[in-house]
Amino acid sequence: MSELDFTGKNVLVVGGSSGIGNGIAQAFRAKGANVYVWGTRASAADYSKDDGCDLTGLHYAQMDVADFAAIEAYQPPFDRLDVLVQSQGYVIYRRGEFQMDGFQKVIDINLNSLMAISMKFHDMLAASKGSLIIISSTSAFHSTKGNPAYNASKAGAVGLVRTLGEAWAPDGIRVNGIAPGLVDTKLTKVTTENPKRLEAALRGIPMGRLGLPSDMGGVALFLASPLAAYVCGQTIPVDGGLILN
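All figures in this text were calculated on a predicted structure; none of them were measured in a lab.

The rules behind the values
Residues numbered from 1 in each chain as written. Predicted model: local features only at pLDDT ≥ 70, side-chain atom pairs only at ≥ 80, totals over all residues. Heavy atoms only, no water. Helix = DSSP H or I, 4+ residues; strand = E, 2+ residues; numbered from the N terminus. Rg over C-alpha atoms; globule rule 2.2 N^0.38 Å. Contact = heavy atoms within 4.5 Å. Areas by Shrake-Rupley, 256 points an atom, 1.4 Å probe, with all protein chains shown as cover. Lys, Arg positive; Asp, Glu negative; His and termini not counted. Charge placed at Lys NZ, Arg CZ, Asp CG, Glu CD. Pairing = 2+ DSSP bridges. Axes fitted to C-alpha atoms, helices over the stretch in contact; angles between N-to-C directions. Buried < 20%, exposed > 50% of the residue type's maximum accessible area, 1.4 Å probe, protein only. Right-handed = clockwise from strand over helix to strand, strands pointing away. Salt bridge = Lys/Arg side-chain N within 4 Å of Asp/Glu carboxyl O. Phe/Tyr/Trp six-rings, centres within 6.5 Å; stacked < 30°, edge-to-face > 60°. Lys NZ or Arg CZ within 6 Å of the ring centre and 35° of its normal.

Asks: How should I be thinking about the overall build of the protein in this particular structure?
Replies: The helix and strand inventory of the protein stands at seven helices and seven strands. Ordering the α and β elements of the protein from the N terminus gives β-α-β-β-α-β-α-β-α-β-α-α-α-β. Over its C-alpha trace the protein gives a radius of gyration of 17 Å, about what one expects of a compact globule, namely 18 Å for 245 residues. Projected onto its principal axes, the C-alpha coordinates of the protein cover approximately 50 × 40 × 40 Å. The contacts of the protein with a sequence gap of at least 6 include a subset with a gap of at least 24, amounting to 72%. As displayed, the protein has an accessible area near 11,600 Å², and 54% of this comes from carbon and sulfur atoms. Within the protein, the 22 negative side-chain charges are centred at a point lying 6 Å from the centre of the 21 positive side-chain charges.

Asks: Sorry, what's going on with the sheet that holds strand β7 (residues 235-238) here?
Replies: Sheets are built from strands paired through backbone hydrogen bonds, the pairs being either parallel or antiparallel. The strand order β3-β2-β1-β4-β5-β6-β7 describes an open sheet built from seven strands, whose pairing is parallel. Lying at the two open borders of the sheet, with one neighbouring strand each, are β3 (59-62) and β7. Direction aside, the axes of adjacent strands within the sheet are offset by 20 degrees on average. Bridge count between strand β6 (residues 174-180) and β7: four bridges; the pairing is parallel. Following the sheet pairing, Pro180 is matched in β7 by Val238.

Asks: What should I look at first to understand the pairing of strand β1 (residues 10-14) in this one?
Replies: Regular strands show a simple pattern: their side chains alternate between the two faces of the sheet. With respect to burial, β1 is a largely interior element, five of its five residues being buried. The alternating pattern of β1 places Asn10, Leu12 and Val14 on one face and Val11 and Val13 on the opposite face, and all of these are buried. By the bridge criterion, five bridges tie β1 to strand β2 (residues 34-39) in an arrangement that is parallel. Across the sheet, residue Leu12 finds its bridge partner in β2, namely Tyr36. Read as a crossover between parallel neighbours, the route from β1 over helix α1 (residues 19-30) to β2 is right-handed. Pairing geometry for β1 and strand β4 (residues 83-86), over four bridges, is parallel.

Asks: Can you help me understand the pattern of salt bridges in this one?
Replies: Oppositely charged side chains are able to pair whenever their charged atoms sit close together. Applying the stated rule across the entire model yields five salt bridges. Here Lys49 ties to Asp54 by a salt bridge, and the two come within 3.9 Å at their closest N and O atoms. For Lys49, a relative accessible area of 59% corresponds to the exposed category. Notably, a salt bridge pairs Arg209 with Asp215, separated by 3.0 Å at the nearest N-O pair.

Asks: Is there a simple way to explain the packing of aromatic side chains in this structure?
Replies: What characterises a pair of aromatic rings is the spacing of the ring centres plus the angle enclosed by the ring planes. Under the criterion given, the structure shown has seven aromatic pairs. Each ring, one from Trp38 and one from Phe121, has its centre 6.1 Å from the other, and the planes form 55 degrees; the classification is tilted. You can see Trp38 sitting in strand β2 and its partner Phe121 sitting in helix α3 (residues 100-128), a full 83 residues away along the chain. Looking at Phe121, the relative accessible area reads 1%, which means it is buried. Relative to Phe121, the ring of Phe78 lies with its centre 6.2 Å away and its plane at 35 degrees, an arrangement referred to as tilted. Within this pair, whereas Phe78 is found in the loop between α2 (68-73) and β4, its partner Phe121 is found in helix α3, the two being separated by 43 residues in sequence. Classification of Phe78 as buried rests on a relative accessible area of 5%. Taken together, the ring pairs in this structure connect Tyr36, Trp38, Tyr74, Phe78 and Phe121 into an aromatic cluster. Above the face of the Phe98 ring, Arg95 is positioned so that its terminal group lies 4.0 Å from the ring centre.

All quantities given are derived from atomic positions and should not be read as evidence of function.
As structure tokens, then:
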């Protein structure tokens, strides 16, 4: 049996309805997993493949990850969880993160929810000797002048991976992370749909192309598999070489 065979495993991908999370969810489904995803819309029917959302074969539930009471009250439709991937993400442009309400909203979604959800599923992951994967960003490693909350939240996510990795390893939970570079999703359209910005961005990527959600999916499969059995508390940049400069 392949070490990347997840047949019979239960996987929950927070933010799995679109973008990077959706690519990761579909990667696990392709390897045989039962994949559950959380998104923000009322039902799976509210998503379109035209928006990069492929919910084929996925079990969908709506969740506001900034509502910590709702997370705590959630009754999962599974009694075992083998892999938890947290790929929720939010950003406010036009200097909206320089206002405290905007800053707080981004921090709640991108960072505080990570801890709330991790705690919610700690016992299930401990019981299965499972894997927790947190998606941050290469923004954690450099300044993003117009987005202080996004930057702080992603740097915080990298720190959380390190700390939970150490704290929960004795419980049998491996905690690791992925730091995507510039990936073609709805969150990056401010760059990808602006030809001048896109050209400048591509010049800074040694591999010369945007990342794809499927690029992140391959690394997530590795981190959740026995191939990564001795990897703990690490965040892997998956960026085509972006942060080498």
